[in-house]
Structure formats: structure tokens, C-alpha cells
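# Structure at a glance
These are the residues of each chain, in order.
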Amino acid sequence: MPKDAPGAAVPEAPFAWTDAEARRRAAAGLVRALRPRPADTDLLDLASNDYLGLTRHPEVTAAAAGAARRWGAGSTGSRLVTGSTDLHAELERELAAFCGFEAALVFSSGYAANLAALTALTARGSLTVSDAGNHASIVDGCRLSRAETAVVPHADPEAVRKTLGAHPGRRALVVSDSVFSVDGDAAPLGALADACREHGAALVVDDAHGLGVLGDGGRGALHAAGLAGAPDVVATATLSKSLGSQGGAVLGPARVVEHLVNAARTFVFDTGLAPAAVGGALAALRLLRREPGLADRARAVAAALHARLTGAGLTAVRPDAAVVSVRAPSPEQALRWAADCRAEGVAVGCFRPPSVPDGVSRLRLTARADLGEEEVDRAVAVILRTAPSR
């Protein structure tokens, strides 16, 4: 029947199905919305990942502005074409040296860095062993790779060992966050490395929440564990948390970095990181090297928040770095709690299903090295005053 004939079916609009998805999200209380923040605000920030408080540091912003004036607003292309500058190379050299690795490669985001490592360092027929609590970028990297992925229980080196042992002689890679972003707990890196070495597997660690907070002067979780620079260990990191900028990096043996330059699609086909972000991250790295106490201060603020909130009766996971996770009775109460905190001038994160694998909702507080005692007092008072009935 001609499409214009009487009685002909009218085709549904191609994206009409999204209306049903929107209704489903609304019914489940899972609607996300963008909320642009102003340049200046009176909100006390315990929601961002600016662990060292360097995003607005005058040295960092001046370096970012200077890089933009010198190199331009954008990198102009892939790093293999026109997107690499002397500034990119300088950041890579200094980041690798600071963290204790042979080489580093800068990407446009930490997400892109994880995708690169997990797709370019695996192959069809190889095995990837991934912690159940790993970040979404790791999950997506595993999905995009051609490797078989085995998900093991959270922070369980024995489960890793058994999984590797069940695939003898197979090329294998184990991947884990160093500090898990939901609860702020640290992975047992030493035990994971031992399990890998028993079976000849590589270890890839996302140190997004460890760099700048853990290790000697903030050199990261792998440096603290004595694994930095090992020939069988690769780290990924972000420049958008402790270094207050934007972008990501992979650190490891020079042979690995050389392979990524040639084989990682999120490097080869992506526009290089903008010069302003590179300049800002480099300035923040140099500032951290000059002021190693910043890492200690971030951990001290996290410990203080945890001690005072749990002392008042709340349930919170003991922080291993700068993330403090406070349990909420339900997703709805977590949302209301976060909104009430914001209404009283304190911004906090709110994690709830399906973003959390254990189904437990919580407030996620991020400690910052630049928070003073009065600001910690204010945050604790607001969180306790707005807490749901317990």
C-alpha cells in the first residue's frame, strides 16, 4: 500500500522511544539534570574532585592562560598530526619522573586514558580480570576490548589469583582502581601485584583518586606500594582531580607508551589536550612538588570529617584517601539530604543505584587540602543537622 494511501500506517518518530525511557527514569527517581555553576559562589564545595584546591590557584590559572596565549585555544588536531606541543612533552616527562615511571602519555581525558590502556594492551583471546567496584571508564574499556573479561569480587586478591590460575598460560591483565570513587577505600595493590606475578599477568591501576593524595608528597598509590616503575605495571591517571585541570595520562614502561602511540585509538584519532589544560596541570604538578604537605592535609581533612560524622552516629567508610562515603537510608532520602545540605550552603555528592553496584545510597564528600578548620566545622554541622532520622 502506498504510504499516502488512506489507512496506511504512520511510522513512529525515530526517537519516540526516548519518551518511554524518560517516564521510566522519572518513576524510578533517576532523572539527571545539568546544573550550571556560577563562576563565584558561597557554596562550600565538598562535591568536586579538586582535592588539593588547585583549580583556582593563581599559579595554575596564570599558567593555563599563558599557555593559551602562546599555543592557542585548542591543540588543532590529533597529537600525531598537529596536536602535540613542547608543553605536552614537558608535562609527560615531569609527570613520569614525579610518579616514578619510565614514561607517560597525555590524553584528552582520564576516561580516554583508561579506554586506551584496556583496548590497546589486550587482544582477542586474552583475559582481563576486573574488580567489581571499578569505575565506569574501566568497565567500558573492558567492553570495547576484544578480551574476555572476568569480573571478580571487590578488593579480593585471592579471587584474582584463582581466576588467573584457571587460565594457565593465557595472556592476562588485571585492572583495578587504586582508590575506589564510591566509598574511598584503597585496593590491596601489593597483594594484587603478587597474584599477577605468580601467573605472569600485567597489572593496570587507575590512580585517578590516588595521585596527589597518596604516596610520598602525593606521588600516588603505586609509588606508596613500591610498584611505580615496575616493568609489569601500568598506571592511568587524571589531570582533573588533584592537578585541578583537565585530561588524563597513562604511565608505565617506555615500550608500553610507544605501543599506545601507535595502537590506542583514543590517542591516534582524538584531538590532543588543549594547551591551557596542559599548562595548568604542569603548574599544579610543580606546585605539588614544591609543597608536598598538600597531600597530607587532604588526608587529614578526610580523617577529620570521618571521625566527627561517625562520632555523631552516622555510618561512614573509613577513608583511605580523600573520599568520605556516608551511608543514607534510601535513594530518596539521599537525594533529599544532599538537597538540604545544598540549601544550607554545602555542596555534597550523592551516589545511589544504579550508579553504585552494592545498591546502597550515600553522600560522597571530598576532602580538600585548602579547607580550614572553620569550614570543616561548618560542613559537619550542616550534614548532621540535615541528616535523615536514624
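Up top is the structure.
These remarks concern the structure in this document. (Residues numbered from 1 in each chain as written. Predicted model: local features only at pLDDT ≥ 70, side-chain atom pairs only at ≥ 80, totals over all residues. Heavy atoms only, no water.)

## Focus on the overall build of the chain
Looking only at helices and strands, one finds 14 helices and 12 strands in the chain. Scaling as 2.2 N^0.38, a compact globule of 390 residues should have a C-alpha radius of gyration of about 21 Å, and the chain matches this with 22 Å. Principal axes of the C-alpha set define a box for the chain whose edges measure 75 × 55 × 55 Å. For the chain, buried positions account for 49% of its 390 residues. Of the contacts made within the chain by residues no fewer than 6 positions apart, 71% connect residues no fewer than 24 positions apart. Put simply, the chain shows about 17,900 Å² of open surface, and 54% of that area lies on carbon and sulfur atoms. With 41 positive and 42 negative side-chain charges, the chain shows a spacing of 3 Å between the two charge centroids. (Helix = DSSP H or I, 4+ residues; strand = E, 2+ residues; numbered from the N terminus. Rg over C-alpha atoms; globule rule 2.2 N^0.38 Å. Buried < 20%, exposed > 50% of the residue type's maximum accessible area, 1.4 Å probe, protein only. Contact = heavy atoms within 4.5 Å. Areas by Shrake-Rupley, 256 points an atom, 1.4 Å probe, with all protein chains shown as cover. Lys, Arg positive; Asp, Glu negative; His and termini not counted. Charge placed at Lys NZ, Arg CZ, Asp CG, Glu CD.)

## Observations concerning helix 12 (residues 293-311)
When the terminal C-alpha atoms of helix 12 are compared, their 27 Å separation across 19 residues agrees well with the 27 Å that a helix rising 1.5 Å per residue should span. By the burial criterion, the buried members of helix 12 are L294, A295, A298, V301, A302, L305, H306 and L309. Down the axis of helix 12, the sector holding all buried residues measures 130 degrees, keeping them to one side. At its buried positions, helix 12 is contacted by strand 1 (44-46), helix 11 (275-290), strand 9 (316-317), strand 10 (323-327), strand 12 (362-366) and helix 14 (373-386). Residue G313 follows helix 12 closely and has a positive phi angle near 105 degrees. (Expected span 1.5 Å × (residues − 1). Arc of directions from axis to C-beta.)

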